[in-house]
Amino acid sequence: MSRRRTLGTKKKLALLVSAATVAGGGAFVMASTSNAAQTPKSSAESTVCLGLATALGNNQKFIADQRADPDPQSEARIANREAVVAEIKRKQEASGCVAGESAQDSQPAQPAQPSQPAQSPPPQQSQQPTESAEPSQPAENPGGGAAGSGQQVCNGSTVTLSGEGGAPAASSNQFPAGTKLKVTNLDNAKSTTVEVTSVSGSCVLLNNAAFEQVREPGKFLIRRAVIEKVG
């Protein structure tokens, strides 16, 4: 009787060990599945990640250009943009994106043809000189929300954020400081008019405050944008 009881106890211990092993294996599988589900997304998988990658690439290009052709203010500009780069990388991690992934926004050459539409008046209008005052009316609405309130520039460009703080402003590699640009997000019909205050690696980069005025929630890139020079 005592031998049968001893064997029974050993069998119970073996069953408990097997059950613990199976449970441990299941926990390992669950942990592996959880880790796989948290794999960072690339810019090709998320518009949020693409916007942040574009912003990072633009700032990195600006730093590289400043180092390649420095001036007395380059050191300060580089220090500022390095802080911006670090902030963008933190946003990439917080958004579940691949930290450090960059993509530079291609800026097509802007055509020097905005004045052509004004050169095609119909010849019949010359017969009515008293009605020629009507075309001057659109010039009375320079501050309106219409997309045609200024000279359209940077056709086909996307718009992203520079990561800089402060009051709403923009940076550009095509327009000098003091230029006023109007940026309209066609996806939500929001627009903002900002002044260029610094140089960047793109046609226009909006700082954080300006980007918040036109962005869609959760997005760091405006694909369908109209950029106008209004001053």
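Everything in this summary refers to the structure shown in the same document. Bear in mind the structure is a predicted one, so any value in this text is a computation, not a measurement.

Our next topic: the nonpolar core. If you look at the biggest cluster of nonpolar residues, it comprises 31 residues, and the most contacted ones within it are V159, F175, V204 and L206. Of all the secondary-structure elements, those providing two or more residues to this core are helix 2 (47-68), helix 3 (74-94), strand 2 (159-161), strand 4 (180-185), strand 5 (190-199), helix 4 (208-214) and strand 8 (225-229). Looking at which element gives the most residues to this core, the answer is helix 2, with six residues. Beyond its immediate sequence surroundings of up to four residues, V204 is in contact with V159, A170, S171, L181, V183 and I227.

Moving on, we get to helix 2. Helix length check: helix 2 (22 residues) gives 31 Å between terminal C-alpha atoms against 32 Å at 1.5 Å per residue, within 8%. The N-capping residue of helix 2, defined by a side-chain oxygen 3.2 Å from the backbone nitrogen of V48, is S46.

Inspection of every chain in the model, using the stated rule, returns two disulfides. What pairs with C49 in a disulfide is C97, and their sulfur atoms sit 2.1 Å apart. Taking the sign of the torsion about the S-S bond as the criterion, the disulfide between C49 and C97, at about -85°, is left-handed. With C49 in helix 2 and C97 in the loop between helix 3 and strand 1 (151-153), this residue pair connects regions lying 48 residues apart in the sequence. Taking relative accessible area as the criterion, C97 reaches 5% and is therefore assigned buried.

Right, let's talk about the pattern of salt bridges for a bit. Taken as a whole and judged by the stated rule, the model has seven salt bridges. In this structure, R90 engages E87 in a salt bridge whose closest nitrogen and oxygen atoms are separated by 2.8 Å. In this pair, R90 and E87 are both assigned in helix 3, three residues apart and thus about one turn of the helix distant. On the basis of relative accessibility, which here comes to 49%, the residue R90 falls in the partly exposed class. Salt-bridge contacts for E216 lead to K219; the nearest nitrogen and oxygen are separated by 3.4 Å.

Cut-off values and rules
- Residues numbered from 1 in each chain as written.
- Predicted model: local features only at pLDDT ≥ 70, side-chain atom pairs only at ≥ 80, totals over all residues.
- Heavy atoms only, no water.
- Core = buried A, V, L, I, M, F, W, Y, C linked by side-chain atoms within 4.5 Å.
- Buried < 20%, exposed > 50% of the residue type's maximum accessible area, 1.4 Å probe, protein only.
- Helix = DSSP H or I, 4+ residues; strand = E, 2+ residues; numbered from the N terminus.
- Contact = heavy atoms within 4.5 Å.
- Expected span 1.5 Å × (residues − 1).
- Polar contact = N/O pair within 3.5 Å; in protein donor to acceptor, adjacent residues only side chain to side chain.
- Disulfide = S-S within 2.5 Å.
- Salt bridge = Lys/Arg side-chain N within 4 Å of Asp/Glu carboxyl O.

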